[in-house]
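Coordinates in review
If you want the building blocks of each chain, they are given just below.
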Amino acid sequence: MTEFTEVAERVWVARYEWFDVNITLVGGDRGLLAVDTHASALAARAVLDDVRRLGAGEVVGVVNTHEHFDHTFGNGMFRSAYGQIPIHAHETAAARTLEAAERIKGLYRDDPSDPHRDEVLETEVVVADTTFSSAVSLDLGDRAVELVHPGRGHTGGDLVVRVPDVDVLLAGDLVEESAAPGFGGDCYPLEWPLSLDIVLGLTTSSTVVVPGHGAPVTRDFVEEQRNAIGIVAETIRDLATRGVPVDQALEVGDWPYLREVLGHAVRRGYEQLPRSQKRLPLI
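Residues numbered from 1 in each chain as written. Predicted model: local features only at pLDDT ≥ 70, side-chain atom pairs only at ≥ 80, totals over all residues. Heavy atoms only, no water.

1. So, the side chain of Thr24
With respect to the helices and strands, the residue Thr24 is situated in strand 3 (residues 21–28). Taking the relative accessible area as the measure of exposure, Thr24 reaches 3% and is therefore buried. (Helix = DSSP H or I, 4+ residues; strand = E, 2+ residues; numbered from the N terminus. Buried < 20%, exposed > 50% of the residue type's maximum accessible area, 1.4 Å probe, protein only.)

Structural data, given as structure tokens:
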């Protein structure tokens, strides 16, 4: 049992131990919008018990902040509980959900010691069916909720959820509080700082920002994380321009995060640099 905590009027956040992932409910007079659905059907069943215990109403829609399984694998369970409710996502996230799911299921299949293996493998993947490209407003009756794709960063299909009447922004994994940013194999480290600039433009000094993982934060925290990711991006550009090979970049660079979390970021950054910014060996 996990409690939903009200961080603003009719905006509740529950922080789940597995992955330290946040699931948020936004209430309106038409019902609840659930933002992210956890990492398996079994885990989502527990979330639904917590939603019912809150007693704030029925879920009338779901939002996936991006395609990763810890944010999407509960989609089917929410549909089982509440019928054919819309599942919203950015169009890139929806297009990549099945591919991302197969990749993660393969990892769990290869690790029989993981205690969550069976529940992940048994989860039926349900892809978001209501997509957008740039921004869209959802009508909850007495409240509008905005979905914005600020650009690529943690993935190619990140979105943030803005609840303007109470100055709350749900940032997904563009922002993380309980660990370093998730520089995975599908990240865009060179574009991430620019995407966070747009996120910052949607906030004020009073905004409550709910990250994908960890405790709610302030605008100042987001700005600090943006600057650190910016250092990662500029370091990649500098090393590539100076002709440092990608396989030496981690050791040569002065990084704001532990090298152990930056392997994918460096490789992806080198791949994504335009040819004009790379010092290439003479042939």
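Structure's up, so let's keep going.
2. Some words on unusual backbone geometry
Positive phi is not limited to glycine here, since Arg10 has a value of about 60°. Looking at the element boundaries, Arg10 is found in the loop between strand 1 (5–8) and strand 2 (11–16). Given a relative accessible area of 21%, Arg10 falls into the partly exposed group. Notably, Asp167 is not glycine yet its phi reads approximately 55°, a positive angle. As for its placement among the helices and strands, Asp167 is situated in the loop between strand 10 (160–163) and strand 11 (168–176).

3. A closer look at the packing of aromatic side chains
Inspection of every chain in the model, using the stated rule, returns six aromatic pairs. With a centroid separation of 5.4 Å and 90° between ring planes, the pair formed by Phe19 and Phe69 is classed as edge-to-face. Taken together, the positions of Phe19 in the loop between strand 2 and strand 3 and Phe69 in helix 2 (residues 69–72) put the pair 50 residues apart, joining distant regions of the chain. On the numbers, 5.5 Å between centres and 75° between planes, the contact of Phe69 with Phe73 is edge-to-face. Residue class for Phe69 comes out buried when judged on its relative accessible area of 9%. Aromatic rings pair up to connect Trp18, Phe19, Phe69, Phe73 and Tyr108 into one cluster. In this structure, Arg268 is placed above the aromatic ring of Tyr188, and the distance from its NZ or CZ to the ring centre is 4.8 Å. (Phe/Tyr/Trp six-rings, centres within 6.5 Å; stacked < 30°, edge-to-face > 60°. Lys NZ or Arg CZ within 6 Å of the ring centre and 35° of its normal.)

4. Here's the deal with empty space enclosed by the protein
Counting across every chain of the model gives one cavity of 30 Å³ or more. Estimates place the volume of the largest cavity at around 60 Å³. Taken together, Asn22, Thr24, Val35, Asp36, Thr65, Leu170, Ala171, Gly172, Val210, Pro211 and Gly212 form the lining of the largest cavity. For the lining of the largest cavity, the secondary structure elements donating two or more residues are strand 3, strand 11 and strand 12 (208–213). Split into classes, the residues belonging to the lining of the largest cavity amount to five nonpolar, five polar and one charged. (1 Å grid on protein atoms, 1.4 Å probe; cavity = no way out; pocket = protein on both sides within 12 Å on 5 of 7 lines; lining within 4 Å. Points joined across faces, edges and corners; volume = space filled by probe spheres on them. Nonpolar A, V, L, I, M, F, W, Y, C, P; charged D, E, K, R; others polar.)

5. Some details on the layout of surface pockets
Size it by volume and the largest pocket reaches roughly 450 Å³. Counting residues per element, the lining of the largest pocket draws most heavily on helix 4 (residues 91–109), which supplies three residues. Looking at the lining of the largest pocket, its residues break down into eight nonpolar, eight polar and six charged. Size it by volume and the second largest pocket reaches roughly 160 Å³. In terms of lining, the second largest pocket is formed by Glu67, Arg96, Glu99, Ala100, Arg103, Gly185, Asp186, Tyr188 and Arg268. Of all the elements, helix 4 adds the most residues to the lining of the second largest pocket, at four residues. Residues of the lining of the second largest pocket, tallied by class, amount to two nonpolar, one polar and six charged.

6. Observations regarding the nonpolar core
In this structure, Phe183, Leu196 and Tyr270 are the most contacted members of the largest nonpolar core, which totals 32 residues. Residue contributions to this core peak at eight residues, all from helix 7 (residues 219–241). If near-sequence neighbours (up to four positions away) are discounted, Leu196 is found in contact with Leu174, Val175, Val222, Arg226 and Ile229. Within the second largest apolar cluster, 25 residues are counted, among which are Trp12, Leu32, Val51 and Phe78. (Core = buried A, V, L, I, M, F, W, Y, C linked by side-chain atoms within 4.5 Å. Contact = heavy atoms within 4.5 Å.)

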